[in-house]
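Listed below are the residues making up each chain.
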Amino acid sequence: MGEHPKTYDVIVIGAGHAGCEAALATARMGFGTLLLTANLDTIAQMSCNPAIGGLAKGQLVREIDALGGEMARCIDRTGIQFRLLNRRKGPAVRSSRAQADRSGYGLYMKQVVEAEENLDLGRAIVDRILVEEGRVSGVVTEQGVRLPSRTVIVTTGTFLRGLMHIGLTQEEGGRAGDVCVKGLSASLESHGVRLGRLKTGTPPRLDGRTIDFEGLEPQHGDEDPRPFSFSTLKITQPQVPCHITYTNEKTLDIIRSGLDRSPLYTGVIQGIGPRYCPSIEDKVMRFPEKVRHQIFLEPEGLDTNEIYPNGVPTSLALDTQIRFLHTIPGLERAEIVRPGYAVEYDFAFPTQLKPSLESKGVARLFFAGQVNGTSGYEEAAAQGIVAGINAAAVLRGEEPLILGRSEAYIGVLIDDLVTHGTEEPYRMFTSRAEYRLLLREDNADLRLFEKGYDRGLLSRERYDVCERKRRQIREVLGMLGETRLKPDPATQARLKDMGQAPLKQPIDLKQFLRRPSAGVSHLPLLGISLDGFETPVWEQVEIQVKYENYIEREIEEVERVRKFENVSFPAEFEFRELNGLSREVQEKLEEVRPANLGQASRISGVTPAAIAALMIHLRKRGSL
């Protein structure tokens, strides 16, 4: 066995969205990092939908940015259509989404990775994880080269024993055109890592020149695109529309007729697929009453004719794919340039991880991304930056970064994974967060910039910008509370011109802004200048004023449950030895090994009575 002459602080296996964020984080925190990938031309590849963000996912991207990650800046420079979703709804559920130039996105991220100090990029397939005395010590590649490392982060995506399906045809690989990783699964299992099997899929790609866009409904982006990154001033690249079409009864009939060669419905595929992004054949069978399924025709970039038909992921036989597509309006002559397919792959059950994403069984071995059972680029990148920060924290001898459920969607994501686990691809939704109004997309910088700065990922300049914004928000809120409107004739006339109800008594400007029909845009009409403060400051002020009572209630609830989060279990705590707990509860607690009472209370089947019993035991030990 050959040995690499250099010992790294961190080796990251896999250069997808999780791997890039993890490697950039450790390198930017000053640690020598090696990022390994099987293909140097597919770094940060958008294997499926060429888009970033969406409901709840937009929040994740902005939180990654607030911590000092790269995803937001990458999409800001390569996005070709930006939209703010749920614009007419409350701020708690508004989310940004952007269509990306697929090749441009990967190229930008590769350039960032290649330019980063302390970060080496290498092409290799990892075959084995090396462990000495319970601690990771490096990796071995398929070529037999030993690479020593003080920590390892596994971000292998869909590549562990990846198997692709088109109809009843199978091909090894984690993605079309790429290899699968065979040996690493066995190596992980030999170190006690429990693996399962999941499945995901992607639609065929179409030649845009063969699509008839006439008569289809265009979907344009926002006129003034809103960037994802708090450091991006303006989106400057060209923007393009998408188009909408629908399936019909003929489409569904052809899909049903092809199920005899469907790997999903003939039992060939064993992995569990995503509940919230099912294949078109799954939609047809699970929702037989629904004939019309919406399809978004999304351009894959400015310099390609490829179109992504969002809404029809499939693993049906190629001839069936062609036939059903030709029944869809606008696609009657569409030609497939890349067939749709499904891919099965190994994942590691995430309850085997600490909240830091470090393995409970092997010290300094971290996992992030789809290997933990998630789906989506955003979920992967969020785990990647946290795993990177915490790998660096281990090397520094610092406490890990553990984001609470009231602090970030990233905190909700990781807590769900390590506490509840998953047996199907996990996707983030706003409904998963108890404190949605606190975890808005617009205030991600105010929530997390100090953490990013303290860990060394945000520059002093970005820190000062965020701190100035926070200071200005406080200043404006104070001004609004001190400035009063009186029911004098001039004020009443202005209110009438605005279509506002007259005053019955003096009120301050906060009270005025709480009116459902009033907004910051009305203040100049009342003689209040908006000069001196940027638009993001006024947006924050308006939200905080209008939703003040709701925000205060959520803060009170956070404080109520925080006492449980602050009660930690000793590392050697033996749940199986505790009296007063059922065998089922003991087993669940022993499997998850929660870090604190709060996490224990969120484990399925752990009752309030069990939590009370745990508190009694902790008091006896002097831990409470």
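Our subject is the structure listed above.
Just so you know, these numbers come straight off a predicted model, no measurement behind them.

S.K.: Would you take a moment to explain unusual backbone geometry for this structure?
M.R.: Keep in mind that most residues, glycine aside, have a negative phi and that most peptide bonds are trans. Residue Arg161 is not a glycine yet carries a positive backbone phi of 50°. Secondary-structure assignment places Arg161 in the loop between strand S10 (145–154) and strand S11 (163–166). A relative accessible area of 32% places Arg161 in the partly exposed class. Positive phi is not limited to glycine here, since Leu357 has a value of about 75°. On the secondary structure map, Leu357 appears in the loop between strand S20 (341–348) and strand S21 (365–367).

S.K.: Which parts of the structure should I look at to understand the nonpolar core?
M.R.: Within soluble globular proteins, side chains that are nonpolar tend to cluster in buried spots. Core analysis: the biggest nonpolar cluster contains 102 residues, and Ile129 and Ile410 have the highest contact counts within it. Broken down by element, the residue count for this core peaks at 11 residues, all from helix H9 (residues 377–396). Beyond its immediate stretch of four places on either side in the chain, Ile410 contacts Leu60, Glu63, Ile64, Leu67, Ala382, Val386 and Leu403. If you look at the next biggest cluster of nonpolar residues, it comprises 22 residues, including Leu480, Ile507, Leu509 and Leu526.

S.K.: I'm lost on the packing of aromatic side chains in this one. Help?
M.R.: Both the distance between ring centres and the angle between the ring planes are used here to describe each pair of aromatic rings. For the structure on display, the rule yields nine aromatic pairs. Seen from their ring centres, Phe82 and Phe228 are 6.3 Å apart, and the 50° between their planes marks the pair as tilted. Of the two residues, Phe82 sits in strand S5 (residues 79–85) while Phe228 sits in the loop between strand S15 (217–219) and strand S16 (242–246), which places them 146 residues apart along the sequence. In this pair, the class of Phe82 matches that of Phe228, namely buried. Taking NZ or CZ as reference, Arg62 lies 4.2 Å from the ring centre of Phe230, over its face. Here Arg432 stacks its cationic end above the ring of Tyr426, 4.1 Å away from the centre of that ring.

S.K.: Even after reading the chapter, I still don't get the environment of Ile507, so can you show me in this structure?
M.R.: By the secondary structure assignment, Ile507 is in strand S23 (residues 507–508). Its relative accessible area of 12% is what places Ile507 among the buried residues. Counting along the chain gives 51 residues from Ile507 to Val558, while the straight-line C-alpha distance between them is 31 Å. The residues touching Ile507, leaving out its near neighbours within four places in the chain, are Thr483, Arg484, Leu485 and Phe512.

S.K.: How should I be thinking about helix H2 (residues 57–67) in this particular structure?
M.R.: What sets the pattern is the α-helix's 3.6 residues per turn: residues three or four places apart point alike. Most of H2 sits out of view: 11 of its 11 residues are buried. Those residues of H2 that sit buried are Lys57, Gly58, Gln59, Leu60, Val61, Arg62, Glu63, Ile64, Asp65, Ala66 and Leu67. The positive-phi residue at the C-terminal boundary of H2 is Gly68, with phi of around 110°.

S.K.: Teacher, can you tell me more about the sheet that holds strand S13 (residues 195–202) here?
M.R.: Hydrogen bonds along the backbone pair up the strands of a sheet, which may run parallel or antiparallel. Pairing is antiparallel in the open sheet, where four strands are placed in the order S12-S11-S20-S13. Bordering the open sheet on either side are strand S12 (169–172) and S13, each of which pairs with just one other strand. Pairwise comparison of adjacent strand axes, ignoring direction, gives a mean angle of 25° for this sheet. The pairing of S11 with S20 spans three bridges and is classified as antiparallel. Bridging across to S20, Met164 finds its partner in Val343.

The rules behind these values
Residues numbered from 1 in each chain as written. Predicted model: local features only at pLDDT ≥ 70, side-chain atom pairs only at ≥ 80, totals over all residues. Heavy atoms only, no water. Helix = DSSP H or I, 4+ residues; strand = E, 2+ residues; numbered from the N terminus. Buried < 20%, exposed > 50% of the residue type's maximum accessible area, 1.4 Å probe, protein only. Core = buried A, V, L, I, M, F, W, Y, C linked by side-chain atoms within 4.5 Å. Contact = heavy atoms within 4.5 Å. Phe/Tyr/Trp six-rings, centres within 6.5 Å; stacked < 30°, edge-to-face > 60°. Lys NZ or Arg CZ within 6 Å of the ring centre and 35° of its normal. Pairing = 2+ DSSP bridges. Axes fitted to C-alpha atoms, helices over the stretch in contact; angles between N-to-C directions.

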